[in-house]
Amino acid sequence: MKNRMVFLIAGILVFSSFVNADQNKGPETIVLDGGSKGKIALPHLTHQNMLKDCNACHSTFPQKTGSIQALKAEGKLENKFVMNNLCIACHRAEKKAGKPSGPISCSGCHGN
Ligand code: HEC
Ligand code: HEC
Ligand code: HEC
């Protein structure tokens, strides 16, 4: 009985790792619309590998290209909300904690 339980759990683990491998992770780099300040190249894959948790960003907008702009256009997301509350907030916190961090200055993100 105990063995069957172990096999069952092992099976579930193997299965869920296949499911993860099939997950659409999107492109390696995503170019975002930065309005008058110019486009932003987001190293998407780097963030996925680093943060592990997709919801660090995708609890705010869905896993779909153009979703930030769409939500902004519908008035469901404030302009610069993602920039200030996700991107810059996290980079600042990481920097403050003395860890490797992303850009905080405008030109570090915009126009690259
Ligand atoms: C650092 C923030 C961040 C994290 C973490 C993140 N994403 Fe994204 N993701 C984005 C942004 C930004 C977009 C583009 C949204 C837009 O264009 O408005 C996006 C778009 C996508 C897309 C759509 C790509 C396409 O070509 O249509 C998929 C799929 C996706 N993400 C999957 C994931 C998965 C799976 C994870 C976790 C393993 C993840 N993302 C983690 C920020 C993130
Ligand atoms: C860590 C990356 C990052 C940094 C640093 C950054 N931005 Fe952004 N910015 C973004 C992203 C992502 C968007 C698009 C999503 C949004 O509107 O939140 C954006 C959007 C914008 C927009 C367009 C808003 C609109 O009306 O549609 C402006 C203007 C802007 N940023 C100005 C700035 C200025 C000025 C600075 C420096 C003080 C700055 N940004 C620093 C990532 C960044
Ligand atoms: C929850 C934390 C977190 C969020 C949210 C986040 N980042 Fe980052 N980002 C990081 C960390 C940590 C690094 C440093 C990676 C390293 O150097 O190892 C980084 C690095 C970067 C870099 C530099 C990559 C390089 O190759 O030097 C860019 C550009 C960047 N982030 C843009 C963004 C943008 C745009 C957003 C919002 C759409 C965003 N980040 C959201 C944590 C975050």
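What you see as residue numbers is a count from 1 along each chain, following the sequence as written. As a convention, the first chain written is A and the first ligand written is 1, with the rest following in written order. Local features in a predicted model are, by the rule used here, given only for residues with pLDDT of at least 70; side-chain atom pairs are given and counted only at 80 or more, and totals for whole chains, interfaces and linings are based on all residues. Side-chain metrics rest on all non-hydrogen atoms present in the structure, leaving aside hydrogens and water.

J.: What's the story with the coordination of the iron atom of ligand 1 in this structure? I'm lost.
T.: The protein atoms that coordinate the iron atom of ligand 1 are His 44 (NE2) and His 58 (NE2), at distances spanning 2.0 Å. Given six donor atoms and angles of 86 to 179 degrees at the metal, the environment of the iron atom of ligand 1 is assigned as octahedral. With His 44 in helix 2 (residues 44–51) and His 58 in helix 3 (residues 55–58), this residue pair connects regions lying 14 residues apart in the sequence. Each metal's donors are the N, O and S atoms found within 2.8 Å of it, except that Na, K and Ca use a 3.2 Å limit; water is left out, so coordination can look incomplete. The rule is simple: four donors are tetrahedral if all their angles sit between 85 and 135 degrees, four are square planar and six octahedral if opposite donors span more than 155 degrees and the others lie between 65 and 115, and anything that fits none of that is irregular. Helix and strand definitions follow DSSP, with helices as H or I runs of at least four residues and strands as E runs of at least two, each counted in order from the N terminus.

J.: What am I meant to see in helix 5 (residues 81–96) here?
T.: Side chains three or four residues apart in an α-helix point the same way, a direct result of the helix having 3.6 residues per turn. The span one expects for a helix is its residue count, reduced by one, times 1.5 Å. For helix 5, with 16 residues, the first-to-last C-alpha span of 21 Å sits near the 22 Å given by 1.5 Å per residue. The angle between axes fitted to the seven residues ending at a residue and the seven residues starting there is what we call the bend at that residue. Along helix 5, the helix axis deviates most sharply at Ala 89, where the bend reaches about 35 degrees. Contacts are assigned to residue pairs with any non-hydrogen atoms lying within 4.5 Å of each other. Close packing links the buried residues of helix 5 with helix 2, helix 3 and helix 4 (67–73). Of the residues flanking the end of helix 5, it is Gly 98, one or two places downstream, whose phi is positive at about 75 degrees.

J.: I keep staring at unusual backbone geometry and nothing clicks. Help me out?
T.: Among all residues except glycine, the phi angle is most often negative; among peptide bonds, the trans geometry is most common. Unlike most non-glycine residues, Lys 52 shows phi in positive territory, near 65 degrees. Along the polypeptide, Lys 52 turns up in the loop between helix 2 and helix 3. Between buried and exposed lies partly exposed: a residue is buried under 20% and exposed over 50% of the maximum accessible area for its type, with that area taken using a 1.4 Å probe on protein chains only. Note on Lys 52: relative accessible area 66%, which makes it exposed. Residue Lys 80 is not a glycine yet carries a positive backbone phi of 70 degrees. Assignment of secondary structure puts Lys 80 in the loop between helix 4 and helix 5.

J.: Sorry, what's going on with the site of ligand 1 here?
T.: Near ligand 1 lie 23 residues; those nearest to it are His 44, Cys 54, Cys 57, His 58 and Thr 65. The term polar contact refers here to a pair of N or O atoms within 3.5 Å; inside protein, the definition further demands a hydrogen-donor-capable atom paired with an acceptor-capable atom, and it admits residues adjacent in sequence only when both atoms are side-chain atoms. A distance of 2.7 Å separates a nitrogen atom of ligand 1 from a polar atom in the side chain of His 58. Between an oxygen atom of ligand 1 and a main-chain N or O atom of Ser 67, the distance comes to 3.0 Å. For the shell around ligand 1, the elements supplying multiple residues, two or more each, are strand 1 (30–32), helix 2, helix 3 and helix 4. Throughout this entry, Asp, Glu, Lys and Arg are counted as charged residues, while Ala, Val, Leu, Ile, Met, Phe, Trp, Tyr, Cys and Pro are counted as nonpolar. The remaining residues, Gly among them, count as polar. Partitioning the shell around ligand 1 into residue classes produces nine nonpolar, eleven polar and three charged. For this purpose, a residue is taken to be near a molecule or strand whenever a single non-hydrogen atom of the residue falls within 4 Å of it.

J.: What is the right way to look at the coordination of the iron atom of ligand 3 in this model?
T.: By definition of the ideal shapes, four donors in a tetrahedron about a metal sit 109.5 degrees apart, and six donors in an octahedron sit 90 or 180 degrees apart. Protein-derived coordination of the iron atom of ligand 3 comes from His 47 (NE2) and His 91 (NE2), at a distance range of 2.0 Å. Coordination at the iron atom of ligand 3 is octahedral, judged from the six donor atoms that bind it and the angles of 88 to 180 degrees they form at the metal. With a gap of 44 residues between them, His 47 in helix 2 and His 91 in helix 5 connect regions that are remote in the sequence.

J.: Can you help me understand the nonpolar core in this one?
T.: As a rule of thumb, nonpolar side chains are buried together in soluble globular proteins. What we call a nonpolar core is a set of buried Ala, Val, Leu, Ile, Met, Phe, Trp, Tyr and Cys residues that are connected through their side-chain atoms within 4.5 Å. In terms of nonpolar packing, the biggest core is built from six residues, these being Phe 61, Ile 68, Leu 71, Leu 77, Val 82 and Leu 86. Counting only elements with at least two residues in this core, the list comes to helix 4 and helix 5. Excluding anything up to four places from it in sequence, Phe 61 contacts Ser 67, Ile 68, Leu 71, Val 82 and Leu 86.

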